[in-house]
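Chain and residue survey
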Amino acid sequence: MSFQEIKSLVWKAKFSMFLPVAGIFLMLGFKSALNTREKDSKLAALMQAAEYIRQKSTDEKLDEAILDLRKLRSSEHASFAELQRKVMLAHPAFANDLLFVTRKQYQKDHHNTATLFQKGEINDFKFEGGAALKWINLRTGKAEAIFSTNEGVVRDPEVSYDGLEVLLSYRKNPDDDYHIYKASFDKKELIQLTFDQGISDIDPIYLPDGDILFSSTREPKYCMCNRHIMSNLYRMESDGSNIVQLSKNTLFDGHPAVLSDGRIIYDRWEYVDRNFGDAQGLWTANPDGTNHAIFYGNNMNSPGGVIDPRPIPGTSYIACIFGSCHDRPWGALTILDRSKGVDGEKSVVSIWPSRARKMIGVGNWDKFMELDVRYEDPFPLDDAFILCSRTIERGKPIKEKMGIFLVDRFGNEVLIHEEEESCFDPMLISPRTREPVVPVRTTFDDSPGYFYVQNVYEGTHMEGVKPGSVKYLRVVETPEKRTFTPDAWGGQGQQAPGMNWHNFELKRILGEAEVERDGSVYVEVPSGKFVYFQLLDENKKMIQSMRSGTMVQSGEVRGCIGCHEDRLSVPLNQKNQPMAMRKAPVSFAKPGNKPENFGFAKLVQPVFDNHCIKCHDFGAENESGLILAGDRNPYFNASYIDLHVKSMIRPIGGGPARIQPALSWGANASKLVEVIESAHHDVNLSQNEKEILYTWIDLNAIYYPSYESAYPNNPAGRSPLTEEELKELGELTGTDFKVLKTHLRTVGPQISFERPEVSPCLQHLNRDSRSYKRALQLIYSGKQRLSETPRADMEGFRPDDVQKVQIEKYLMRLEKEKKFRTAIAQGEKAYDLEE
């Protein structure tokens, strides 16, 4: 080996030893640069906040803090946290006392609305007492409890306009209900305003005219995708009298706040022909319950919930929480500018944590559960600073302890108060400007309301719809769910009981009105009904459909520019009044016209029985394999299951959040309709029969006409056979009936209760075998039970006794609502407690 080769090897060895050491120094230098950059960014953010506050504050301590802050720019910031707190608390808002609640975080449950744990409901065991309503002056440290409870929970405080009183919801113990109270800060005496039992009154706020608005379960109804009690908006006078319902959404309305123009903004969970998980956005309404309208977030797949809105003083912005469906009512703190759009990331001015911005519109409705920090109860101080509750520690799994934080748009996020228990609902105890009073425009009686559409062809998803092709407007009601069952059908979510293949709703058609040549239509609709609209062609097939609900109060007139028009657009500039508005509205209230719930077995099955059963029955002679027989099975009937399994129809089911294009689903997009209209085997249906089939598909291929059940404790709340009997039948026949209790099944009907011998699950068994005879006996027992106790798809159906109790409670609550409305109409007062 030459001298040069030896020298080269020596240098390589030295260099290889140097590389790790150099790497370490380089890495340390890189981290040091990052730390310096982080330090500098924090200092810069705090300086920005200090300069902003300085414009509003005359506090001399702020000037001292700014001087100290400038000194920190070239030194270590060991005292940074203390200085940061000093600067933030110099905000003039903190000359006032701070009101807040201490309690445990709500236990995790089904949905972010499930925090009531109402006595007698399925999750009442999760109620956890121990809470206090407190105030503190953060500058002096002086603090005091207004009242505390060891067994109960206080929640949802709201300070009055004059800053002298507070509204709140309070439940004394697990055997009590949430009621609305008020208390003055000087006397600390609780005055109870609502008293009814078996309900929950929460989220109270003061209205500009002195009345009180709140959310309540006074109309006892349940989410269609599970079994949880729902809540709507109510209004009462300041003394607790004349309590009336303002919203009829079939699900949950909560967290109301007053906008600068006097309207109400609130969060609303509701779905019509769409999935449950991303169907919670912000809505607005007048304080009398008129003009409910989408504000933001109704057509987004993520976040799953846009909740807890509060207007930001001096701006048109809204602070709110971007959360998840299956989580607590917390998530990412967000500022919205609705002028940028009613959905999506473009309307988000700021969001905390900043990485949550990448989650908007990504993944599913629980995407925001991936965050390692959670925010709750936003209370904006001005256009730059927001008080909120926040998890004190970051990390996964999420740490539940909550403290009070002050967050600003400059990048500061400071814990300003914590206690042994978590802290919630921070707000200032100070006077504030009263918003304009929006006058009451309804009489709260039973008179109808009115809807008009200026031009049905105007819309964001009406491509390909030619002028003149829309002939009718159909008005559909989707009634509330008053009962539930322990077991469920695996549609989208937990259908308890099973209702439809994939979607949740019960439906009834109120009527159809002709659309004028100019695209206008004007209809009368019963007040207080949750309805939606469909556009129909000349054959009564659906062209476009709403997948959200609306309502009118008595005497209210509501209008739309078009169908799914841009929510930020303005009315059309037409020279002439729309043709429909020159006439009286179309009324569906005619003698003998009592709308019935749509049921497949009663309305659709007879069409198949009259025209199709000869070729499409059970048996080997059925060459197509499509079964259109009406024989009932544990969950639905044969034809209903097979039409879905074999994809002969195209409903939207519990469809996506996005608005769907016209003609993309329903009868116009279904193979079954193509077959019917092709004179298949010379089968000629009457126009009425065709319309029945079109209507069924366009109503999203629904099945049951009732949420009630005759067999609530059996599989899917519908089967006449018990779970044990179905399990035995499955073992005897080699059929997994649990797998078949879902819309994901790929196997057609396996049981016929009307004709047990033709049941497909029996056909491979030896008829002399013990297995066959026992299996046949089980199916016959189901047949016998149905004859004695008809289920909801049969004549003679009656609800189970337990459900009758739930229905009686619902009807009793309706009578109480009528009592209050009558008192208002007569200029009198009525209360929860009457002598």
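Cut-offs and rules
- Within every chain, residues take consecutive numbers counted from 1 along the sequence as written.
- Under the rules for a predicted model, residues below a pLDDT of 70 receive no local features and side-chain atom pairs below 80 are neither given nor counted, while totals for whole chains, interfaces and linings still include all residues.
- Note: side-chain values were computed over all heavy atoms of the structure, leaving out hydrogens and water.
- We count a stretch as a helix when DSSP gives it H or I for four or more residues in a row; a strand needs E for two or more, and each element gets its number in order from the N terminus.
- For each residue, the accessible area found with a 1.4 Å probe, counting protein chains only, is set against the maximum for its type, and the residue is called buried under 20%, exposed over 50%, and partly exposed in between.
- Only heavy atoms enter the contact rule, under which two residues are in contact if any of them lie within 4.5 Å.
- Note on areas: Shrake-Rupley with a 1.4 Å probe; residue coverage comes only from the protein chains shown.
- Fitted lines through C-alpha atoms serve as axes, helices being fitted only where they are in contact, and the angles separating the N-to-C directions of these axes extend from 0 to 180 degrees.
- Working definition: roughly parallel below 35 degrees, roughly antiparallel above 145 degrees, roughly perpendicular at 65 to 115 degrees, and oblique for all remaining angles.
- Contacts described as polar in this section are N or O atom pairs within 3.5 Å, which, within protein, must combine one atom able to donate a hydrogen with one able to accept it, while residues neighboring in sequence count only if both atoms come from side chains.
- In this analysis, strands are considered paired if DSSP registers two or more bridges between them.
- What a helix should span is 1.5 Å times the count of its residues minus one.
- Within this scheme, the nonpolar core is defined by two criteria: the residues are buried Ala, Val, Leu, Ile, Met, Phe, Trp, Tyr or Cys, and they are joined through side-chain atoms within 4.5 Å.
- For this quantity, the arc is that covered by the directions from the helix axis to the C-beta atoms.
- Between 30 and 60 degrees the pair is tilted, below 30 it is stacked and above 60 it is edge-to-face, where a pair is any two Phe, Tyr or Trp rings, Trp via its six-membered ring, whose centres lie within 6.5 Å.
- By the criterion adopted, a ring carries a charge over it if an Arg CZ or a Lys NZ lies within 6 Å of its centre and within 35 degrees of its normal.
- How sure the predictor is of each residue is captured by pLDDT, a score from 0 to 100.
- For this document, the term salt bridge refers to a Lys or Arg side-chain nitrogen within 4 Å of an Asp or Glu carboxyl oxygen.
- Take the far helix as the reference: if the near one is turned anticlockwise from it by less than a right angle, the crossing is left-handed, and if turned clockwise, right-handed.
- Each residue is assigned to one class: nonpolar for Ala, Val, Leu, Ile, Met, Phe, Trp, Tyr, Cys and Pro, charged for Asp, Glu, Lys and Arg, and polar for all the others, Gly among them.

Turning our attention to the overall build of the protein. Tallying secondary structure elements over the protein gives 10 helices and 31 strands in all. Projected onto its principal axes, the C-alpha coordinates of the protein cover approximately 105 × 90 × 60 Å. Sorting the 835 residues of the protein into buried and exposed places 58% on the buried side. Look at the contacts in the protein between residues 6 or more apart in sequence, and 64% of them connect residues 24 or more apart. A total accessible area of about 35100 Å² is found for the protein, and carbon and sulfur atoms account for 52% of it.

Helix H5 (residues 638–645) packs onto helix H4 (residues 600–611) with a crossing angle of 75 degrees between their chain directions and a minimal axis gap of 10 Å. The angle between H4 and H5 falls in the class roughly perpendicular. Between H4, through Phe600, Gln605 and Phe608, and H5, the contact on the second element is made entirely by Ser639, Tyr640 and Leu643.

Bringing the side chain of Arg274 into the picture now. Its place among the elements puts Arg274 in the loop between strand E13 (264–269) and strand E14 (280–285). For Arg274, the side chain forms a polar contact with the main-chain oxygen of Asn298, separated by 2.5 Å. With near-sequence residues (within four places) excluded, Arg274 lies in contact with Ala279, Asn298, Asn299, Gln492, Phe504, Glu505, Arg547, Gly653, Gly654, Gly655, Pro656 and Ala657.

This part takes up the pairing of strand E1 (residues 97–103). Burial of E1 is extensive: 6 of the 7 residues sit out of reach of the surface. The pairing of E1 with strand E2 (residues 131–136) spans 6 bridges and is classified as antiparallel. In the sheet register, Arg103 faces E2, and the bridge partner there is Ala131.

The next subject is helix H7 (residues 687–698). In this model, H7 (12 residues) spans 16 Å end to end at C-alpha, consistent with the 16 Å of a helix rising 1.5 Å per residue. When we look at burial in H7, the residues that qualify are Glu689, Leu693, Tyr694, Thr695, Trp696, Ile697 and Asp698. A positive backbone phi angle near 75 degrees is found at Asn700, which sits one or two residues after H7.

Next up on the list: the sheet that holds strand E11 (residues 244–245). Pairing is antiparallel across the open sheet formed by 4 strands, whose spatial order is E8-E9-E10-E11. Looking along the sheet, the strands with just one partner apiece sit at the ends: strand E8 (201–206) and E11. Judged from the 5 bridges that link them, strand E9 (residues 212–216) and strand E10 (residues 232–236) form a sheet pairing that is antiparallel. Across the sheet, residue Phe214 finds its bridge partner in E10, namely Tyr234.

Turning next to the nonpolar core. Of all hydrophobic cores here, the largest spans 85 residues; its most connected members are Trp269, Tyr271, Phe608, Phe636, Leu672, Trp696 and Leu729. Residue assignment for this core shows that the elements contributing at least two residues are H4, H5, helix H6 (671–676), H7, helix H8 (723–733) and helix H9 (770–788). No other element matches the 6 residues that H9 contributes to this core. Beyond its immediate chain neighbours, meaning those up to four positions away, Leu729 contacts Leu721, Phe737, Ile751, Ala775, Leu778 and Ile779. Met47, Leu89, Phe94 and Val414 belong to the second largest nonpolar core, which has 53 residues in total.

The next thing to look at is the side chain of Glu689. Residue position: Glu689 is located in helix H7. In this structure the side chain of Glu689 is engaged in a polar contact, spanning 2.9 Å, whose partner is the side chain of His611. Among residues more than four places away in sequence, those in contact with Glu689 are Val607, Asn610 and His611.

Let us look at H4. The end-to-end C-alpha distance of H4, which contains 12 residues, comes to 16 Å, matching closely the 16 Å that a straight helix rising 1.5 Å per residue would cover. Every buried residue of H4 is listed here: Phe600, Ala601, Val604, Gln605, Val607 and Phe608. With its buried residues spanning 160 degrees around the axis, H4 presents them on a single face. Facing away from the buried side of H4 by more than 90 degrees, the exposed set consists of Lys602 and Asn610. Considering only its buried residues, H4 is in contact with H5, H6 and H7.

Keep in mind that most residues, glycine aside, have a negative phi and that most peptide bonds are trans. Looking along the chain, the bond that leaves Ser302 and enters Pro303 is cis, with omega of 10 degrees. Inspection of the secondary structure assignment puts Pro303 in the loop between strand E15 (293–296) and strand E16 (305–311). At the junction of Ala496 and Pro497, the peptide bond is cis and its omega measures out at 10 degrees in the coordinates. Examined against the element boundaries, Pro497 turns out to sit in the loop between strand E26 (472–477) and strand E27 (508–514). Positive phi, normally seen in glycine, also occurs at Asp682, with a value near 60 degrees.

Bringing the packing of aromatic side chains into the picture now. Taken as a whole and assessed by the stated rule, the structure comprises 29 aromatic pairs. Summarising the aromatic geometry, the rings of Tyr52 and Phe410 are spaced 5.7 Å apart at their centres and angled 55 degrees between planes, so their arrangement reads as tilted. Taken together, the positions of Tyr52 in helix H1 (residues 3–54) and Phe410 in the loop between strand E22 (402–408) and strand E23 (413–417) put the pair 358 residues apart, joining distant regions of the chain. Exposure remark for Tyr52: the relative accessible area of 11% places this residue in the buried category. Phe410 gets classed as buried once you look at its relative accessible area, which sits at 18%. Three or more aromatic residues joined by ring pairs form one cluster here, namely Trp489, Trp501, Phe600, Phe608, Tyr635, Phe636, Tyr640, Trp696, Tyr703 and Tyr704. Taking the ring centre of Tyr178 as reference, the NZ or CZ of Arg155 above it sits at 5.3 Å. Between the NZ or CZ atom of Lys540 and the centre of the ring of Tyr472, over which it lies, the distance is 4.7 Å.

What follows covers the sheet that holds E1. Note: strands within a sheet are paired through backbone hydrogen bonds, in either parallel or antiparallel orientation. Here we have 4 strands laid out as an open sheet, ordered E3-E2-E1-E24, and antiparallel in their pairing. Among the strands making up the open sheet, the edge pair consists of strand E3 (143–149) and strand E24 (422–429). Averaged over all pairs of adjacent strands, the angle between strand axes in this sheet comes to 20 degrees, irrespective of strand direction. Sheet topology note: the E1/E24 ladder contains 6 bridges and is antiparallel. Of the residues in E24, the one forming a bridge with Val101 is Phe424.

Of all residues in the protein, 93% have pLDDT values of 70 or greater, and the mean over the chain is 92. This model gives residues 17–37 a pLDDT under 50, and the stretch forms 0 contacts once residues within four places in sequence are excluded.

Tracing the backbone through its elements, the reader meets Glu419 in the loop between E23 and E24. Beyond its immediate sequence surroundings of up to four residues, Glu419 is in contact with Phe100, Thr102, Lys134 and Lys401. At 3.0 Å, the side chain of Glu419 and the side chain of His417 are in polar contact.

The next point concerns the pattern of salt bridges. Applying the stated criterion across every chain yields a total of 57 salt bridges. Note that Asp201 is salt-bridged to Arg218, the shortest N-O span being 2.9 Å. Taken together, the positions of Asp201 in strand E8 and Arg218 in the loop between E9 and E10 put the pair 17 residues apart, joining distant regions of the chain. Take Asp201 and Arg218: they sit in the same class, and that class is buried.

This part is about the packing of H8 against H9. In contact at an axis separation of 9 Å, H8 and H9 are set at 145 degrees when each is read in the N-to-C sense. Between H8 and H9 lies a crossing whose hand is left-handed. From H8, Glu725, Glu728, Leu729, Leu732 and Thr733 reach across to H9, where they touch Ser771, Arg774, Ala775, Leu778, Ile779 and Arg785. Here the contact of H8 with H9 is composed, by residue class, of 5 nonpolar, 2 polar and 4 charged.

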